[in-house]
Amino acid sequence: MTPFTACIVQTTSGPYDKEGNLNRAFRAMEEAHAKGASLILFPEMFLTGYLIRDRLAELAETLESGPAVAALKAKAKELDMAVVIGLPVLDREGGKPHNSVIFIDRDGTIAGAAHKTHMFGGEEKMFDPGNQHKAFDTSFGRVGILVCYDGEFPETARSLALDGAEILCMCAANMSPFEDYHAVYMRARAMENMVHTLYCNYVGDEKRFHYCGQSCAYDPAGKPLAEADTQEETMLYVTVDPAKREDPLRDLNYLQNRRKELYHEDLR
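Values in this document were obtained by computation on a predicted structure and should not be read as measured data.

1. What to know about the overall build of the chain
Across its full length, the chain holds six helices and 14 strands. Over its C-alpha atoms the chain spans a radius of gyration of 17 Å, differing by no more than 12% from the 18 Å that the globule rule assigns to 268 residues. Taking the principal axes of the C-alpha coordinates as reference, the chain spans close to 50 × 45 × 35 Å. Within the chain, the proportion of its 268 residues that are buried is 53%. For the chain, contacts bridging at least 24 residues in sequence account for 70% of all contacts bridging at least 6. Put simply, the chain shows about 11,800 Å² of open surface, and 49% of that area lies on carbon and sulfur atoms. For the chain, the distance from the average position of its 29 positive side-chain charges to the average position of its 41 negative side-chain charges is 3 Å.

2. Describing the sheet that holds strand β4 (residues 98–104)
The strands making up a sheet are joined through hydrogen bonds of the backbone, oriented either antiparallel or parallel. Read across the sheet, six strands follow the order β5-β4-β3-β2-β1-β14 without closing on themselves; strand pairing throughout is mixed. Of all strands in the sheet, those bounded by a partner on one side alone are β5 (110–115) and β14 (234–240). Across the sheet, the axes of successive neighbouring strands diverge by a mean angle of 25°, strand direction being ignored. As defined by bridge partners, strand β3 (residues 82–89) adjoins β4 across seven bridges and the pair is classed as antiparallel. Within β4, the position partnered with Val83 by the bridge is Ile104.

3. A look at a nonpolar patch on the surface
A surface patch of nonpolar side chains, about 280 Å² in accessible area, is lined by Leu262, Tyr263 and Leu267. Turning to its location among the elements, Leu262 is positioned in the segment after α6 (254–257).

4. Section: the environment of Pro43
Inspection of the secondary structure assignment puts Pro43 in the loop between β2 (39–41) and α2 (56–59). Between the C-alpha atoms of Pro43 and Leu252, which are 209 residues apart in sequence, the distance is 32 Å. Those residues in contact with Pro43 that sit more than four places away from it in its chain are Val9, Thr11, Ile85, Gly86, Cys171, Ala172, Cys200, Asn201 and Tyr202.

5. Concerning the packing of helix α1 (residues 18–34) against helix α3 (residues 67–79)
Closest axis-to-axis distance for the α1/α3 pair is 11 Å, and the angle between their directions is 10°. Taken together, α1 and α3 sit at an angle that is classed as roughly parallel. Along its contact with α1, which presents Lys18, Leu22, Phe26, Met29, Glu30 and His33, the element α3 presents Ala68, Ala71, Leu72, Lys75, Ala76 and Leu79. Its residues assigned to classes, the contact of α1 with α3 comprises eight nonpolar, one polar and three charged.

6. Some remarks on the side chain of Thr138
The residue Thr138 is located in strand β6 (residues 136–138) in this model. Among the residues examined, Thr138 registers a relative accessible area of 13% and is labelled buried. In terms of polar contacts, Thr138 uses its side chain to reach the backbone amide nitrogen of Phe140, at 3.0 Å. Setting aside chain neighbours within four positions, we find Thr138 in contact with Phe103, Asp105, Ala111 and Val143.

7. Observations concerning the pairing of β3
Along any regular strand the residues' side chains alternate between the sheet's two faces. Extensive coverage of β3 is indicated by the burial of eight of its eight residues. Here β3 shows a buried face lined by Ala82, Val84, Gly86 and Pro88 and a second buried face lined by Val83, Ile85, Leu87 and Val89. Here β2 pairs with β3 via three bridges, running parallel. Following the sheet pairing, Ile40 is matched in β3 by Val83.

8. Observations regarding the sheet that holds strand β8 (residues 167–172)
Strand order in this open sheet of six strands is β6-β7-β8-β9-β12-β13, and the pairing throughout is mixed. Every other strand in the sheet has two partners, leaving β6 and β13 (224–227) as the edge strands with one partner each. Strand-to-strand twist of the sheet, defined as the mean angle between neighbouring strand axes without regard to direction, takes the value 20°. Here three bridges tie β6 to strand β7 (residues 141–147), and the two strands are oriented antiparallel to one another. For Phe136, the partnering residue across the bridge sits in β7 and is Val143. Lying over the sheet, helix α4 (residues 154–162) contacts β7 and β8, oriented at roughly 165° with respect to β7. Packed on one face of the sheet, helix α5 (residues 181–193) meets β7, β8, β9 (196–201), β12 (216–218) and β13 and runs near 20° to β12.

9. Comments concerning the nonpolar core
Counting 40 residues, the largest nonpolar core has Met29, Ile40, Phe42, Tyr50, Val83 and Ile85 as its most contacted members. Within the residue set of this core, elements represented by two or more residues are β1 (4–10), α1, α2, α3, β3, β4 and β11 (209–212). Sort the elements by how many residues they give to this core and α1 lands first, with six residues. Residue contacts for Tyr50: discarding those within four places in its chain leaves Glu44, Met45, Asn99, Glu123, Met126, Ala173, Tyr202, Glu206, Phe209 and Tyr211. In terms of nonpolar packing, the next biggest core, distinct from the first, is built from 26 residues, Ala6, Ile8, Ala114 and Val147 among them.

Reading the values: rules and limits
- Residues numbered from 1 in each chain as written.
- Predicted model: local features only at pLDDT ≥ 70, side-chain atom pairs only at ≥ 80, totals over all residues.
- Heavy atoms only, no water.
- Helix = DSSP H or I, 4+ residues; strand = E, 2+ residues; numbered from the N terminus.
- Rg over C-alpha atoms; globule rule 2.2 N^0.38 Å.
- Buried < 20%, exposed > 50% of the residue type's maximum accessible area, 1.4 Å probe, protein only.
- Contact = heavy atoms within 4.5 Å.
- Areas by Shrake-Rupley, 256 points an atom, 1.4 Å probe, with all protein chains shown as cover.
- Lys, Arg positive; Asp, Glu negative; His and termini not counted.
- Charge placed at Lys NZ, Arg CZ, Asp CG, Glu CD.
- Pairing = 2+ DSSP bridges.
- Axes fitted to C-alpha atoms, helices over the stretch in contact; angles between N-to-C directions.
- Patch = residues over 30% accessible without salt bridge, like charges linked within 9 Å, V, L, I, M, F, W, Y side chains within 5 Å.
- Salt bridge = Lys/Arg side-chain N within 4 Å of Asp/Glu carboxyl O.
- Parallel < 35°, antiparallel > 145°, perpendicular 65-115°, else oblique.
- Nonpolar A, V, L, I, M, F, W, Y, C, P; charged D, E, K, R; others polar.
- Polar contact = N/O pair within 3.5 Å; in protein donor to acceptor, adjacent residues only side chain to side chain.
- Core = buried A, V, L, I, M, F, W, Y, C linked by side-chain atoms within 4.5 Å.

These figures come from the coordinates and say nothing about function on their own.
Structure, rendered in structure tokens:
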């Protein structure tokens, strides 16, 4: 990796308004591009809104032929900007959609996609769960994606780090009364896995939910690179510098110093 600028978009989403959300994403991409960003993150299910159960099947897209996905791929290529964004994804006939976050690289190709694996608050009634945590190669280095509740389990981030992830991107729809949870977890995940973490959350209200913001980014030593508040829409800009992984304090090499033979068999 070489140093680059990432933009984290802490924002609202219009439920059911895929076209409006897509246009908002384009405007944010153009603004971030003008400020030198080459990677931009949007929240979980940003493209459709989160509370859309009654129209979920209608609004879901396939990665191969979805019109909004195609438009995002074209915009990414036009701006030479990678996009991390949440949406419902269909990948099999007759199945429920996945709650997914996709990574569209700067050349307009999909470098990777993560389907939410841990269901929260009845999500299993809406979504089929994913079945793996795998990192993937991008023009920025090797990346892992976490979808909201997935990041609350340390095993998920550790699995991605062991698979070579240098950057963890987490997109969320975290709501009250769970303020502070994700910011704490993202700092811990950075430190325990020696990776950069980029976290993007909603803010504001959607039906019965009040989203609690606190989007943030941390370097591999847990140093805050940017932190948002709980109330305001904002675009956070952070510099991701791979040299930070070579910090002299990396004597605390948790990945190499593990003694997995001592751990519970489920963790080996």
